Amino acid sequence: GTGAAPFRSFILERCSRRNFDDKILMFFGCRRKAEDNLYETDWENVEKWSQGNIKVVTAFSREQENKVYVQDKIRGDSSKEVWDLISRCEAKIFVAGSSEDMPARVREAIRDVCAKEGGMDKESATRYITELEAKKRYFVEAW
């Protein structure tokens, strides 16, 4: 949950300036909604204030029998929107949080979205992500 703090600041700053020109799709994951969703009220408010230009997708891994993570949400119902933002809107991707498996799993999910929605094989999708990194459009801050 604390990996979201810089993004919270960035998003609230945009809201304070009423700058909703570019879409923001943020995936937030933690174990339990009641214990770990530190900024729930902020996320609800920015979605209202931005009139749909800022969207927060949550993944609470311990809220159901089968664990659900951010990468599952990226691959799931949001895959078309993720691809549209990457391919058409030239979105930047920022990954922040635990340095264990999460960064690699999110990268795999983005690769899978590029393959599925962009009609690429996995090797081409992997190269595409490498190109995003070279173009300063894919960033990872993990600890």
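Structural data are supplied above this passage.
As a starting point, this report considers the structure included with it. (Residues numbered from 1 in each chain as written. Predicted model: local features only at pLDDT ≥ 70, side-chain atom pairs only at ≥ 80, totals over all residues. Heavy atoms only, no water.)

### Structural notes on the packing of helix 6 (residues 102-118) against helix 7 (residues 122-134)
Each pair of packed helices can be described by the angle between their axes along with the distance between the axes. Relative to each other, helix 6 and helix 7 sit at 115°, their axes nearing to 8 Å. Taken as a pair, helix 6 and helix 7 cross one another with a handedness that is right-handed. Packed against helix 6, whose contacting residues are Arg107, Ile110, Arg111, Asp112, Cys114 and Ala115, the element helix 7 presents Lys122, Ala125, Thr126, Tyr128, Ile129, Thr130 and Glu133 at the interface. In the contact of helix 6 with helix 7, the residues fall into six nonpolar, two polar and five charged. (Axes fitted to C-alpha atoms, helices over the stretch in contact; angles between N-to-C directions. Helix = DSSP H or I, 4+ residues; strand = E, 2+ residues; numbered from the N terminus. Left-handed = near helix turned anticlockwise from the far one by under 90°. Contact = heavy atoms within 4.5 Å. Nonpolar A, V, L, I, M, F, W, Y, C, P; charged D, E, K, R; others polar.)

### So, the side chain of serine 78
One can find serine 78 in the loop between helix 4 (70-75) and helix 5 (79-87). Aside from chain neighbours lying at most four places away, what touches serine 78 is Phe27, Val57 and Lys73.

### What about the side chain of serine 79?
Note that serine 79 resides in helix 5. By relative accessible area, which is 3% here, serine 79 ends up buried. Engagement of the side chain of serine 79 in a polar contact is seen with the side chain of glutamate 117, the distance being 2.7 Å. Sequence-distant contacts of serine 79, that is, excluding residues within four places in its chain, are made with Ile74, Val113, Lys116 and Glu117. (Buried < 20%, exposed > 50% of the residue type's maximum accessible area, 1.4 Å probe, protein only. Polar contact = N/O pair within 3.5 Å; in protein donor to acceptor, adjacent residues only side chain to side chain.)

### Description of unusual backbone geometry
Excluding glycine, a negative phi dihedral is what most residues carry, and trans is how most peptide bonds are arranged. A positive phi angle is found at glutamine 51, which is not glycine, with a value near 55°. Among the structural elements, glutamine 51 can be located in the loop between helix 3 (40-49) and strand 2 (54-60). Classification of glutamine 51 as exposed rests on a relative accessible area of 72%.

### Comments concerning the layout of surface pockets
Once rolled over the atoms, a probe with the size of a water molecule shows which space is left empty. One number sums up the size of the largest pocket: a volume of about 1,700 Å³. Surrounding the largest pocket, 48 residues form its lining, Phe27, Val70, Phe94, Val95 and Ala96 being those nearest its centre. Every element with two or more residues in the lining of the largest pocket is listed here: helix 1 (5-16), strand 1 (24-30), helix 4, helix 5, strand 3 (93-97) and helix 6. The residue inventory of the lining of the largest pocket, partitioned by class, reads 28 nonpolar, eight polar and twelve charged. (1 Å grid on protein atoms, 1.4 Å probe; cavity = no way out; pocket = protein on both sides within 12 Å on 5 of 7 lines; lining within 4 Å. Points joined across faces, edges and corners; volume = space filled by probe spheres on them.)

### Some words on the environment of methionine 102
Tracing the chain through its elements places methionine 102 in helix 6. Ignoring anything within four residues of it in the chain, the contact list for methionine 102 reads Val95, Ala96 and Gly97.

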